[in-house]
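Listed below, chain by chain, are the residues.
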Amino acid sequence: QVQLVESGGGLVQAGGSLRLSCAASGSIFRIHVMGWYRQAPGKQRELVATITSGGSTNYADSVKGRFTISRDNARNTVYMEMNSLKPEDTAVYYCSAVIATSSITLHDYWGQGTQVTVSS
């Protein structure tokens, strides 16, 4: 079994910063892409940022220049530093990872979500 556990959400004023963390644990053979998605009330879940095992990153246009995704492969952990937060960043943020539990078994895994609320 594999689990992703997020932490770091909360309430912050516009212009403030938060750092999200997501640690993967369990029967992990290899972790490929890790990423963050978010879902605001009444909206579909959307990609925020992804990072490959080699460190290549991809960001949604709405967060470029404000959010930074990183990972610690030794700790099976992905982070997202969020700066210059805006009220429209308010959402539940979900961690995602493509994880191999053996040389032939690959699945997508999701965390339980962490609430980020940005007040104006």
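Now for a look at the structure at hand. Given the structure is predicted, the values throughout are model-derived calculations rather than measurements.

A few points about the overall build of the protein chain
Then, number 1: Per the secondary structure count, the protein chain includes zero helices and 11 strands.
Then, number 2: On C-alpha atoms alone, the protein chain measures out to a radius of gyration of 14 Å, which is about the 14 Å that the 2.2 N^0.38 rule sets for 120 residues.
Then, number 3: Of all 120 residues assigned to the protein chain, the portion counted as buried reaches 40%.
Then, number 4: Considering only contacts in the protein chain between residues 6 or more positions apart, those separated by 24 or more positions represent 55%.

Digging into the environment of Met-82
Then, number 1: As for its position among the elements, Met-82 is in strand E8 (residues 77–82).
Then, number 2: By relative accessible area, which is 0% here, Met-82 ends up buried.
Then, number 3: In this structure, the C-alpha to C-alpha distance between Met-82 and Thr-101, residues 19 residues apart in sequence, is 30 Å.
Then, number 4: Setting aside its immediate chain neighbours within four residues, Met-82 contacts Gly-16, Ser-17, Leu-18, Leu-20, Arg-66, Phe-67, Tyr-93 and Val-116.

Conventions and cut-offs
- Residues numbered from 1 in each chain as written.
- Predicted model: local features only at pLDDT ≥ 70, side-chain atom pairs only at ≥ 80, totals over all residues.
- Heavy atoms only, no water.
- Helix = DSSP H or I, 4+ residues; strand = E, 2+ residues; numbered from the N terminus.
- Rg over C-alpha atoms; globule rule 2.2 N^0.38 Å.
- Buried < 20%, exposed > 50% of the residue type's maximum accessible area, 1.4 Å probe, protein only.
- Contact = heavy atoms within 4.5 Å.

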